[in-house]
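Listed below are the residues making up each chain.
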Amino acid sequence: MILPPVVLLVEDMDDDRLFFERAIRKVAPGVRLIHAADGQQAVDRLSGTGDYSEPVAHPKPTHVVLDLKLPKRSGMEVLEWMRTNADLPVIVLTSSQSPKEIERARSLGVDDYLVKPASFEKLVAIVRMIVAHWKL
């Protein structure tokens, strides 16, 4: 039996999380989406520690969609941690268009760096691209 992909969305803004959930359900309903609301929770989920140590209830992600502006640990800190502890595909989806942040994320090996769109239709197009890129 092939298990469905598990995408970890690391996003602290409820509206952005809800829109992403709607978009992924529309584009790839077979994908299991899990959520982390801050950088520390993302690390805990990725490492399977603390509240996330039970693998049936909290499966480890196979892919990560990561915001950069997060409480507790920034997205860059999560990405740095991942590069030494969890070798998973990562796409940054953030509001920042800072060339410095884009360069830093690319140097840490992100699959792509995408800017959050202003409309749901554009988000659906981005999610379609992510699903195609990762062959979800």
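The preceding data block contains the structure.
Since the structure is predicted, the reported quantities are computational estimates derived from the model, not experimental observations. (Residues numbered from 1 in each chain as written. Predicted model: local features only at pLDDT ≥ 70, side-chain atom pairs only at ≥ 80, totals over all residues. Heavy atoms only, no water.)

Asks: For the pairing of strand 1 (residues 6-10), give the residues involved together with the corresponding values.
Replies: Counted residue by residue, strand 1 has 5 buried out of 5 residues, so it is predominantly covered. Neither face of strand 1 is open: one carries V6, L8 and V10, the other V7 and L9, and all of them are buried. Where strand 1 lies against strand 2 (residues 32-36), 5 bridges are found, and the strand directions are parallel. Bridge assignment links L8 to a residue of strand 2, and that residue is I34. Viewed along the sheet, the connection from strand 1 through helix 1 (residues 14-27) into strand 2 turns out right-handed. With 4 bridges connecting them, strand 1 and strand 3 (residues 63-66) associate as parallel partners. Of the residues in strand 3, the one forming a bridge with L8 is V64. (Buried < 20%, exposed > 50% of the residue type's maximum accessible area, 1.4 Å probe, protein only. Helix = DSSP H or I, 4+ residues; strand = E, 2+ residues; numbered from the N terminus. Pairing = 2+ DSSP bridges. Right-handed = clockwise from strand over helix to strand, strands pointing away.)

Asks: Account for the side chain of D67, naming residues and giving values.
Replies: Its place among the elements puts D67 in the loop between strand 3 and helix 3 (75-85). Of the polar contacts made by the side chain of D67, one reaches the side chain of K116; its length is 3.4 Å. Excluding anything up to four places from it in sequence, D67 contacts V10, E11, D12, G75, L93, T94, S95 and K116. (Polar contact = N/O pair within 3.5 Å; in protein donor to acceptor, adjacent residues only side chain to side chain. Contact = heavy atoms within 4.5 Å.)

Asks: Which residues make up the sheet that holds strand 3, and what values do they have?
Replies: Reading across the sheet, the 5 strands line up as 2-1-3-4-5 and stay open at both edges, with parallel pairing between neighbours. Strands at the two margins of the open sheet, each flanked by one partner only, are strand 2 and strand 5 (112-115). Across this sheet, the average inter-strand angle for adjacent strands is 20°, counted without regard to direction. Seen against the sheet, helix 3 touches strand 3 and strand 4 (90-94) and runs at an angle of roughly 160° to strand 3. (Axes fitted to C-alpha atoms, helices over the stretch in contact; angles between N-to-C directions.)

Asks: Describe the pattern of salt bridges, with residues and values.
Replies: All chains considered together, the criterion is met by 9 salt bridges. In this structure, K116 engages D67 in a salt bridge whose closest nitrogen and oxygen atoms are separated by 3.4 Å. A residue pair is termed long-range when its members are at least 10 positions apart, and K116 in the loop between strand 5 and helix 5 (120-134) and D67 in the loop between strand 3 and helix 3 qualify at 49 residues. Overall, the relative accessible area of 3% leaves D67 in the buried class. R83 is paired through a salt bridge with D87; the nearest N and O atoms lie 3.9 Å apart. Residue class for R83 comes out partly exposed when judged on its relative accessible area of 28%. Counted as one network, the salt bridges with shared partners bring together E11, D16, D67 and K116. (Salt bridge = Lys/Arg side-chain N within 4 Å of Asp/Glu carboxyl O.)

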